[in-house]
Amino acid sequence: MTRLALIHGWGFDASFWRSFRLPGVETVTVDLGFQGAPFLPNFRPDDIAVGHSLGFLWALRHGPWRAAISINGFPRFVAGCDFPFGVARR
């Protein structure tokens with residue numbers, strides 16, 4: 001059975017997904033460890049990754065997935081000459 005692997009973005013933890021519910025859909029929540037111990041469950045080849053922000057990039061690097069869905073994804077994070085819309089360099 002296909003399930004959703006929910007992966008939070010930078011600066012968040014797994015509680016980001018606390019109120020996310022789809023009745024009848026199995027989910028597993030990933031914690032990347034930005035605010036505590038990481039939790040990386042065993043993934044299955046038919047899992048669908050749902051990544052928020054940086055969580056989507058993480059999902060792309062750690063597949064394989066049946067499919068991947070991006071929430072608040074972006075093409076680049078830091079601004080540059082060819083991408084003025086990003087966050088300023090520190």
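Model, not experiment: these values are computed from the prediction.

Caption draft 1: Looking closely at the pairing of strand β3 (residues 48-52). Among the 5 residues that make up β3, 5 are buried, leaving the element largely enclosed by the rest of the structure. Where burial is concerned, the two faces of β3 agree: the one with Ile48, Val50 and His52 and the one with Ala49 and Gly51 are both buried. Pairing of strand β1 (residues 4-7) with β3 involves 4 bridges; the strand directions are parallel. Among the inter-strand pairings, leucine 6 is bridged to a residue of β3, identified as valine 50. The pairing of β3 with strand β4 (residues 67-71) spans 5 bridges and is parallel. Bridge assignment links valine 50 to a residue of β4, and that residue is isoleucine 69. As a crossover connection, the stretch from β3 through helix α1 (residues 54-61) into β4 is right-handed.

Caption draft 2: A look at the packing of aromatic side chains. Per the counting criterion, the structure on display carries 6 aromatic pairs. Considering the side-chain rings of phenylalanine 83 and phenylalanine 85, the 5.8 Å spacing of their centres and the 80° angle between planes classify their relative orientation as edge-to-face. Among the aromatic residues, those joined into a cluster by ring pairs are Phe12, Phe16, Trp17 and Phe20.

Caption draft 3: Summary view of the sheet that holds β4. In spatial order, the strands read β2-β1-β3-β4; together these 4 strands make up an open sheet with parallel pairing. The open sheet has two free edges, formed respectively by β2 (27-30) and β4, since each of these has just one partner strand. Averaged over all pairs of adjacent strands, the angle between strand axes in this sheet comes to 20°, irrespective of strand direction. Here α1 sits on the sheet in contact with β1, β3 and β4, set at roughly 145° to β3.

Caption draft 4: The arrangement of the nonpolar core in detail. Listed in full, the 9 residues of the largest apolar core are Ala5, Ile7, Val28, Val30, Leu32, Ala49, Trp58, Ala59 and Trp65. Elements that contribute at least two residues to this core include exactly β1, β2 and α1. Counting residues in each nonpolar core, the second largest holds 5 residues, with Leu4, Leu6, Trp17 and Ile48 among its members.

Conventions used here
Residues numbered from 1 in each chain as written. Predicted model: local features only at pLDDT ≥ 70, side-chain atom pairs only at ≥ 80, totals over all residues. Heavy atoms only, no water. Buried < 20%, exposed > 50% of the residue type's maximum accessible area, 1.4 Å probe, protein only. Helix = DSSP H or I, 4+ residues; strand = E, 2+ residues; numbered from the N terminus. Pairing = 2+ DSSP bridges. Right-handed = clockwise from strand over helix to strand, strands pointing away. Phe/Tyr/Trp six-rings, centres within 6.5 Å; stacked < 30°, edge-to-face > 60°. Axes fitted to C-alpha atoms, helices over the stretch in contact; angles between N-to-C directions. Contact = heavy atoms within 4.5 Å. Core = buried A, V, L, I, M, F, W, Y, C linked by side-chain atoms within 4.5 Å.

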